[in-house]
Amino acid sequence: MNISIPNLARSGLAALLLLGTAAQAALQVGARAPDFKAEAALGGQGFAFHLATALKEGPVVLYFYPKAFTSGCTIEAKRFADATPQFKQLGATVIGMSNDDIATLKKFSVEACRSRFAVAADAGAKVMKDYDAALRIVPGMADRISYLITPDGRIAAVHESMNPDGHVDAMLQALQRWKSGAAKP
């Protein structure tokens, strides 16, 4: 069966996506975070993102989202943009990731992310597969999962919910716990 986004909406399967037909198998706390390189955009400008390089600067909040410019993903991006100063104050880098092409993400990085944090293109959905963040019903599309990755390359926290509410707060709280030494995998 060929599934496209318009067909999902017409068939009623869109409701299943919203109700959380998600991966339900995110990487566990304490697991090694798979390293990756990806084309990314910040403020409309493309650059090469490398997780290992970013981790040398401090923890990374990697959040997966289904599709740029959809309502939930735009809400989530704006919330991460608003909280970017808090993440920076705690020494963390935020990067969003979807299977959108880099041209789309250059626009999204300006409009939704407000040029405050980067978004990366997961060409071929390889990174989302490595992070077990693909939707089961639409494998080329990411689930809505946020990870806190510590500088030693380990997952310190996971928040999984198709609802865009809660991801920013969950990652800020996890980062604060990790910084205080309370969250050890």
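Residues numbered from 1 in each chain as written. Predicted model: local features only at pLDDT ≥ 70, side-chain atom pairs only at ≥ 80, totals over all residues. Heavy atoms only, no water.

Trainee: What is the right way to look at the pattern of salt bridges in this model?
Mentor: Between side chains of opposite charge, a pair can form as their charged atoms come close. Tallied over the full model, the rule gives 7 salt bridges. Asp130 serves as the salt-bridge partner of Lys126, at 2.8 Å between the closest nitrogen and oxygen. With Lys126 and Asp130 both in helix H6 (residues 126-130), this residue pair falls 4 residues apart, about one helical turn. For Asp130, a relative accessible area of 31% gives the class partly exposed. What emerges from the salt-bridge pattern is a single network uniting Asp82, Arg114 and Arg116. (Salt bridge = Lys/Arg side-chain N within 4 Å of Asp/Glu carboxyl O. Helix = DSSP H or I, 4+ residues; strand = E, 2+ residues; numbered from the N terminus. Buried < 20%, exposed > 50% of the residue type's maximum accessible area, 1.4 Å probe, protein only.)

Trainee: Before we go on, may I ask you to explain helix H4 (residues 71-89) in this structure?
Mentor: One turn of the α-helix equals 3.6 residues, which is why residues spaced by three or four share an orientation. Taking 1.5 Å as the rise per residue, H4 with 19 residues should run 27 Å; its terminal C-alpha atoms sit 28 Å apart, in good agreement. Along its length, H4 shows its largest kink, about 50 degrees, at Ala83, and proline Pro85 lies within four residues downstream of that point. Where H4 is buried, its residues contact strand S3 (60-64), strand S4 (93-98), helix H5 (102-111), strand S6 (145-149) and helix H7 (167-180). Gly91 occupies a position one or two residues after H4 and carries a positive phi of about 85 degrees. (Expected span 1.5 Å × (residues − 1). Bend = angle between axes of the 7 residues up to and from the residue. Contact = heavy atoms within 4.5 Å.)

Trainee: Looking at this structure, how should I read the packing of aromatic side chains?
Mentor: To describe a pair of aromatic rings, you give the distance between the ring centres and the angle between the ring planes. On inspection of all chains with the given rule, the structure shows 12 aromatic pairs. Taking the centre distance of 5.1 Å and the plane angle of 80 degrees together, the rings of Phe69 and Phe108 count as edge-to-face. Taken together, the residues Phe69 in the loop between S3 and H4 and Phe108 in helix H5 connect sequence positions 39 residues apart. Each member of the aromatic cluster is reached from another via a ring pair, and the members are Tyr63, Tyr65, Phe69, Phe80, Phe87, Phe108 and Phe117. (Phe/Tyr/Trp six-rings, centres within 6.5 Å; stacked < 30°, edge-to-face > 60°.)

Trainee: In this structure, what is going on with H5? I would like to understand it.
Mentor: Within H5 the residues assigned to the buried category are Ile102, Leu105, Phe108 and Ser109. For H5, the angular spread of the buried residues around the axis is 110 degrees, confining them to a single face. Those residues of H5 that are exposed and aimed more than 90 degrees away from the buried face are Lys107 and Glu111. Those residues of H5 hidden inside the fold are in contact with strand S1 (37-42), H4, S4 and strand S5 (118-121). Sitting at the amino-terminal end of H5 is Asp101, which places a side-chain oxygen 3.1 Å from the backbone nitrogen of Ala103. (Arc of directions from axis to C-beta. Polar contact = N/O pair within 3.5 Å; in protein donor to acceptor, adjacent residues only side chain to side chain.)

Trainee: Quick question: what am I supposed to make of the layout of surface pockets here?
Mentor: To find leftover empty space, one rolls a probe the size of a water molecule over the atoms. By volume, the second largest pocket amounts to about 160 Å³. Around the second largest pocket, the lining residues are Leu42, Phe47, Phe49, Thr84, Phe87, Lys88, Ala92, Thr93, Val94, Arg116, Phe117 and Ala118. Among the elements of the structure, strand S2 (45-50), H4 and S4 are those that each provide at least two residues to the lining of the second largest pocket. Broken down by element, the residue count for the lining of the second largest pocket peaks at 3 residues, all from H4. When the residues that make up the lining of the second largest pocket are grouped by side-chain class, the tally is 8 nonpolar, 2 polar and 2 charged. (1 Å grid on protein atoms, 1.4 Å probe; cavity = no way out; pocket = protein on both sides within 12 Å on 5 of 7 lines; lining within 4 Å. Points joined across faces, edges and corners; volume = space filled by probe spheres on them. Nonpolar A, V, L, I, M, F, W, Y, C, P; charged D, E, K, R; others polar.)

Trainee: Any chance you could explain the confidence of the model for the protein here in plain terms?
Mentor: Low-pLDDT portions of the prediction should not be read for the details of their coordinates. Averaged over the protein, the pLDDT score is 86; the fraction of residues at 70 or greater is 84%. Across residues 1-24, where pLDDT falls below 50, the model places 34 contacts with residues more than four positions away in sequence or in other chains. (pLDDT = per-residue confidence, 0-100.)

Trainee: What's the story with the nonpolar core in this structure? I'm lost.
Mentor: Counting 32 residues, the largest nonpolar core has Tyr65, Phe80, Phe87, Leu105, Phe108, Phe117 and Leu148 as its most contacted members. If you list the elements that add at least two residues to this core, you get S3, H4, H5, S5, strand S7 (155-160) and H7. Of the residues forming this core, the biggest block, 7 residues, is contributed by H7. Among residues more than four places away in sequence, those in contact with Phe87 are Val61, Phe80, Ala92, Val94, Val168, Met171, Leu172 and Leu175. One finds Phe49, Ala54, Met97 and Tyr147 within the second-largest nonpolar core, a separate group that totals 28 residues. (Core = buried A, V, L, I, M, F, W, Y, C linked by side-chain atoms within 4.5 Å.)

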